[in-house]
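The chain contents come next:
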Amino acid sequence: MALEYPEDLKYLDTHEYIRLEGEIATIGISAFAVDQLGDIVFLELPEVGATLEKGEAFGTVESVKAVEDLKAPVTGTVIERNDAIVESPENLAEDAYGAGWLLKVRVADSSEANEALSVEEYRKMVEGE
């Protein structure tokens, strides 16, 4: 199965993605990461109101294979958390870029998102080109 990498997203080399709309960033993990992790059994995310620091861990994703830290692509304040995905983390595999988003964050400096990888750069990294 070919994995998707939406063009409107920016990616981290740690497999988080960011969709920036004005000063609101939607953060999730890429379909590649979900595929590599296998069956996701637990997701730990910060509460609304928490502050994320770019590059710092903000939660964990746990699968039957591994526990991985989630890294913040930008600095900002959590304004919404996807509780539906926390309750049913296995659903990440079905729609990582839509219903599988993790957090919505009001970013402190939207230019931080420019440091993330483009879809082309990310695809090359994960497909080993």
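It should be emphasised that the depicted structure is a prediction, and the values quoted were computed from it without experimental measurement. (Residues numbered from 1 in each chain as written. Predicted model: local features only at pLDDT ≥ 70, side-chain atom pairs only at ≥ 80, totals over all residues. Heavy atoms only, no water.)

1. Topic: a nonpolar patch on the surface
For the record, the criterion: Nonpolar side chains (Val, Leu, Ile, Met, Phe, Trp, Tyr) are joined into patches within 5 Å and like charges within 9 Å, using only residues with over 30% relative accessible area and no salt bridge. Each accessible area value is a Shrake-Rupley result obtained with a 1.4 Å probe; residue values ignore everything except the protein chains displayed when judging cover. What makes a salt bridge here is a side-chain nitrogen of Lys or Arg within 4 Å of a carboxyl oxygen of Asp or Glu, nothing more. Helix numbering and strand numbering both begin at the N terminus, where a helix is a DSSP run of H or I of at least 4 residues and a strand a DSSP run of E of at least 2. Whether a residue is buried, partly exposed or exposed follows from its accessible area with a 1.4 Å probe, protein chains only, as a fraction of its type maximum: under 20%, in between, or over 50%, in that order.
On the surface, Val41, Phe42 and Val64 cluster together to form a nonpolar patch covering roughly 290 Å² of accessible area. Among the structural elements, Val41 can be located in strand β4 (residues 40-44). Residue Val41 is classed as partly exposed on the basis of its relative accessible area, which comes to 47%.

2. As for the sheet that holds strand β6 (residues 57-63)
Stated formally: Only strands joined by at least two bridges in the DSSP assignment are considered to pair. Note on definitions: angles span 0 to 180 degrees between N-to-C directions of axes, and those axes are lines fitted to C-alpha atoms, for helices only across the stretch in contact.
Ordered in space as β4-β6-β7, the 3 strands form an open sheet in which the pairing is antiparallel. The open sheet has two edge strands with one neighbour each: β4 and β7 (67-71). The average undirected angle you get between the axes of adjacent strands in this sheet is 25 degrees. As judged from the 4 bridges shared by β4 and β6, these two strands associate in the antiparallel manner. By the bridge assignment for β6, Ile40 is matched with Ser63.

3. Side note on the side chain of Glu16
Heads up, the rule is: Only four residue types enter the charge count: Lys and Arg as positive, Asp and Glu as negative, with His and the chain ends excluded. Under this definition, polar contacts are N or O atom pairs within 3.5 Å; protein pairs additionally need one hydrogen-donor-capable and one acceptor-capable atom, and for neighbouring residues in sequence, both atoms have to be side-chain atoms. Contacts are assigned to residue pairs with any non-hydrogen atoms lying within 4.5 Å of each other.
Among the structural elements, Glu16 can be located in strand β2 (residues 16-21). No salt bridge is formed by the buried Glu16; its nearest oppositely charged neighbour, Lys71, is found at 7.5 Å. A distance of 2.4 Å separates the side chain of Glu16 from the side chain of Thr14, its partner in a polar contact. If we ignore the near neighbours within four places in the chain, the residues touching Glu16 are Lys10, Tyr11, Gly28, Ile29, Asp69, Leu70 and Lys71.

4. A short note on a negative patch on the surface
Applicable threshold: The location of each charge is read from NZ of Lys, CZ of Arg, CG of Asp or CD of Glu.
On the surface, a cluster of negative charge is contributed by Glu4, Glu90, Glu94 and Asp95. Along the chain, the position of Glu90 falls in the loop between α2 (83-87) and β9 (103-107). Glu90 sits in the partly exposed class, given a relative accessible area of 47%.

5. Thoughts on the pairing of β2
Across a regular strand the side chains alternate sides, sitting on one face of the sheet and then on the other. Two elements, strand β1 (residues 10-11) and β2, share 2 bridges in a ladder whose sense is antiparallel. If you follow Tyr11 over to β2, its bridge partner there is Tyr17. Where β1 hands over to β2, the hairpin turn is made up of 4 residues, of which His15 adopts a positive phi near 80 degrees. Pairing between β2 and strand β3 (residues 24-29): 6 bridges, direction antiparallel. Counterpart to Tyr17 in the pairing with β3 is Gly28. Between β2 and β3, which pair antiparallel one after the other, the connecting turn spans 2 residues, and Gly22 there sits at a positive phi close to 65 degrees.

6. Description of the UniProt feature "domain: Lipoyl-binding" (unreviewed entry) in the protein chain
For clarity, the threshold we go by: UniProt positions are given in the numbering used here, feature names are shortened, and annotations may be inferred rather than shown by experiment.
Following the UniProt record, one finds the feature "domain: Lipoyl-binding" (unreviewed entry) at residues 24-106. Regarding residues 24-106, the helix share stands at 14% and the strand share at 42%, and the terminal C-alpha atoms are separated by 5 Å.

7. Concerning the nonpolar core
So the rule is basically this: Only buried Ala, Val, Leu, Ile, Met, Phe, Trp, Tyr and Cys residues count toward a nonpolar core, and they belong to the same one when joined by side-chain atoms within 4.5 Å.
The biggest cluster of nonpolar side chains holds 31 residues, and the ones touching the most others in it are Ile29 and Leu102. Elements represented by at least two residues in this core include exactly β3, α1 (31-37), β4, β6, β9 and α3 (119-127). Here this core takes 5 residues from α1, the largest share from any one element. Excluding anything up to four places from it in sequence, Ile29 contacts His15, Glu16, Tyr17, Val34, Leu37, Val61, Leu70, Leu92, Ala96 and Leu102. Listed in part, the 5 residues of the second largest apolar core include Ile18, Val74, Val107 and Ala113.

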